[in-house]
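Residue strings, one per chain:
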Amino acid sequence: MTQNDKDLTMSLKDSITFIDEVARREADDARQALTAATSSFEAEREIAQRLGGRPEGDLALFGFWTPELLDARVPSGDIFLEVLRPTGPVDLTRAHQDVRFERAFVPVIREEAYCFTAVKGLRAGSRDVLGDFYALTWRDAEDCWHRILDPLAASLPFGVMAPAELYDLDAMQAGRGDAAYFEALKGEVPHKFGPPSNILQIHVPTATAGGTLASLTRHYQRLAERVARDLPLEPADRLFLGYDAVQLLPVEPTTVYEAGPDFWEERDAEADSVTVSLLRPDTTNWGYDIVISGMAAVNPVLLETGRPDELVDLAETLHTFPSGPKKLILDVVFGHSDNQGLKALNGHYFAGPNMYGQNLAYQNTAVRAILLEMQRRKVNFGADAVRVDGAQDFKWWDAAAQTLRHDDAYLQSMADIVQEVAGTAYRPWFIFEDGRPWPEEDWELSSSYRAVIESQRDDDVFQWGPLTFAHNTPFLYTFWLSKYWRIREMVEVGENWISGTSNHDTLRRGTQVSPKLNVNTRLGRTRMEILDKAYDNPAVHVLTYAALPGVPMDFLNAMARASWGFIRNQDDRYGVKVVAEEAISLKWQVDEYSYSVPANFQRLKALGFGTREELARFFEFLPALVEVTEYDLDEIASLLNASEPPLAGPEFSVASLKRIARAWMDDMHDYCNVANSLPSLDPEQAEFCLALRNFRRARPWLGKNHGPKDRFDYVQPIDGRTIFTSLRHGPKGEQVFAVCHMEGKPLDDIDPLTLPVPGIDGFGWRLALRTPSIGSDYIGGPITLKDSMALVYERTA
């Protein structure tokens, strides 16, 4: 990162100036909003736009919501903006560096629960320049200092528990390479994005070998170049193509290491300077363990350069893709906070504990407004759509009725936000994951998966459908027949549902199923093959893309037949327990050969688990001991050490158990990287799936509900198999007929066009697609249909 020459010759204190008049104007505007707005919520929304740090010309303006200062009765003279500027260069790509920072303290102007200030002479960050860091700080009666971090920060190079970087978002937006994409959508009213034909869901850290947004962007740029030059496509290319949208698992900052080390650690502090030990954030997480603070910023773990511009770069690349723009969907998590949020935010943000950590205080109008402002700023990176995680968790306590109520009004507010990028106002397309009454015991039977669809004003709001939400196990016998009633719902009312069985939740849940259940062994010879084919099943793809309405979504790790799981290495207290719960995934995802590959599981091997068999034996003991000891780590270690014959691994202690847990999470994270699976992709499967996706994209009418002439059923009698048939009718007389063998015994010597499906009689059918195992020599007539085989026919009447 570069620095200005004057920064090297002038002290920080001498180079910045408090601009009292501007700070008071900010406070006066807040007072006016609180006085004259139509409601307290509208007042808070207006004020929320002034919160955080933002450059304006040669000034930098700051605003903080600080009700905790009122609670503690802190006088105004003890509250300051703390500014920190490095005295030398800082390299955001280094793993560790010790840096001396100058610091200065700037007065603030208070207005009720808000603090505002304005400063001249601060340096704002950009793609090439590191900005000044800042936080609010206050002094107590004992002359002890306390920091209040900025929850609306634009840049957090060292995570949510460190001071924020002042960042020039306007300059970032002005340099967008996809401005023409947005400008073409400009109109008298905000443009409303609608649904894409299909979606590819991506976890950035495991999507490429680099594991960053920059690495993913380069991958798409390479694909764009190959497509533009009409170069031959390899299986690894086809894996990413044929999708109209890319949905990223959350890219917000996640939790930090519970027991350290901290990414920003101070020492040798003096009044005007401090030395900081800076660690490049390197946590491992699937994305959903957030602390709410920093939601408007990008997780620094995902930033190769440490610059938030990388998210804009990806949006540009997708929007300017040569075969047509691809939408960017951001997955946001505002339904809960990890308990670490209690360290990052004041207590007014929270409404009490829940199964994930903390409920949020949606009924507090300031909190409500700040959360919506975080969302607005994040989507302004250039997203076309938003997926809302766990919408059923947005609840508030009705004290009068003594019950929890769903906050559907808040969900509506999320969907109503107007974004602005490149001068174009727009409203994103919205997807809600909502399985209410989940987590009640009967949720699988009682959820309609339509609660948000029916409560929202827009008719293009989507929810995750019943085959997409959480607990799906398509590798167990009778799964498909037992889900037939849900599939019937999908064909009748599923046009506003996300469809498909592979996503970050379902694949993870699949790895937690006991192998002792009635597993469909026709899917493969080993558990790994069975799991891979269950979530990348050609017959299921045909069902999803040629028969069912809605918007199909595929998970990259499933389509690549890469591994996946619950990935997070920040836990200290419960890390061993989490690994004990995940241990069963070893049986599904790691065989002896995979474990023996020198590049795999290096940390666990270094701890003494040289073979998969040795690790598997340890994993047989660990879950049982966690249960019987009620998670007493000292007792668990003692019992493990007493095992006969002795277990492999280190001498067991609380500390070594935690090292093993961390090693498992980090090794599995590396093992799950899609780059590991690319060399073994099946070329025919990749080619077939791309052709199927393009078949759907060419027929957008397949996304609509089944009409009166459409037919969907299963072949009867069952006779040991589940075979679905679907007949769809499109405009201009087009018909699509699909036959999908989902599970069970073969159906011998059958001509699919002679099945008793009303409407398929007559001539003119053409075989459009066949699953790879059928073979290219089959063009019609009798066939033996086996598990996972499917055929797609088309004709025009």
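Since the model is a prediction, treat every value here as computed from it, not as a measurement. (Residues numbered from 1 in each chain as written. Predicted model: local features only at pLDDT ≥ 70, side-chain atom pairs only at ≥ 80, totals over all residues. Heavy atoms only, no water.)

## Concerning the sheet that holds strand β16 (residues 327-332)
Thinking step 1. The eight strands are arranged β12-β13-β16-β19-β24-β25-β26-β27 in a closed barrel whose pairing can be described as parallel. Neighbour-to-neighbour, the strand axes of this sheet turn through a mean angle of 30°, independent of strand direction.
Thinking step 2. In this sheet, strand β24 (residues 429-432) lies alongside strand β19 (residues 385-388) in parallel orientation, the contact comprising four bridges. Counterpart to Val386 in the pairing with β24 is Phe430. (Pairing = 2+ DSSP bridges. Helix = DSSP H or I, 4+ residues; strand = E, 2+ residues; numbered from the N terminus. Axes fitted to C-alpha atoms, helices over the stretch in contact; angles between N-to-C directions.)

## Focus: the pairing of strand β12 (residues 199-202)
Thinking step 1. Here β12 shows no split at all, with Ile199 and Gln201 on one side and Leu200 and Ile202 on the other all buried.
Thinking step 2. The pairing of β12 with strand β13 (residues 245-248) spans three bridges and is parallel. The residue of β13 that forms the bridge with Gln201 is Gln247. (Buried < 20%, exposed > 50% of the residue type's maximum accessible area, 1.4 Å probe, protein only.)

## With respect to the nonpolar core
Thinking step 1. Tyr220, Leu248 and Phe618 are the most contacted members of the largest nonpolar core, which totals 200 residues.
Thinking step 2. Beyond its immediate chain neighbours, meaning those up to four positions away, Tyr220 contacts Leu200, Ile202, Phe240, Val246, Leu314, Thr317, Leu318, Phe321 and Lys326. (Core = buried A, V, L, I, M, F, W, Y, C linked by side-chain atoms within 4.5 Å. Contact = heavy atoms within 4.5 Å.)

## Looking at the environment of Leu604
Thinking step 1. In this structure, Leu604 sits in helix α26 (residues 602-606).
Thinking step 2. Separated by 62 residues in sequence, Leu604 and Asp666 place their C-alpha atoms 9.4 Å apart.
Thinking step 3. Apart from the residues lying within four places of it in its own chain, the contact partners of Leu604 are Tyr595, Phe609, Leu615, Ile660, Ala663, Trp664 and Asp667.

## What about the sheet that holds strand β23 (residues 424-427)?
Thinking step 1. Taken in spatial order, the three strands of this open sheet run β11-β23-β22, and their pairing is mixed. One side of each edge strand has no neighbouring strand; the edge strands of this open sheet are β11 (191-192) and β22 (419-421).
Thinking step 2. The pairing of β22 with β23 spans three bridges and is antiparallel. Bridging across to β23, Glu420 finds its partner in Ala425.

## So, the pattern of salt bridges
Thinking step 1. Counted under the stated rule, the structure contains 60 salt bridges.
Thinking step 2. Residues Arg226 and Asp237 are paired through a salt bridge, measuring 3.3 Å at the closest nitrogen-oxygen approach. A residue pair is termed long-range when its members are at least 10 positions apart, and Arg226 in helix α9 (residues 213-228) and Asp237 in helix α10 (residues 235-238) qualify at 11 residues.
Thinking step 3. Judged by its relative accessible area of 18%, Arg226 falls in the buried class.
Thinking step 4. Several salt bridges converge on common partners, so that one network encompasses Glu26, Asp29, Arg50, Arg54 and Glu56. (Salt bridge = Lys/Arg side-chain N within 4 Å of Asp/Glu carboxyl O.)

## Looking at unusual backbone geometry
Thinking step 1. Between Gly260 and Pro261 the backbone carries a cis peptide bond, its omega angle lying at 5°.
Thinking step 2. Among the structural elements, Pro261 can be located in the loop between β13 and β14 (264-270).
Thinking step 3. The step from Gln716 to Pro717 runs through a cis peptide bond, and the omega angle for that step is 0°.
Thinking step 4. The residue Glu630 is not glycine, and still its phi comes out positive at about 55°.
Thinking step 5. The residue Glu630 is located in the loop between α27 (612-628) and α28 (633-641) in this model.
Thinking step 6. Owing to a relative accessible area of 72%, Glu630 belongs among the exposed residues under this scheme.
Thinking step 7. Of note, Ser788 is a non-glycine position whose phi angle comes to about 80°, a positive value.
Thinking step 8. Among the structural elements, Ser788 can be located in the loop between β33 (783-785) and β34 (790-796).
Thinking step 9. Its relative accessible area of 1% is what places Ser788 among the buried residues.

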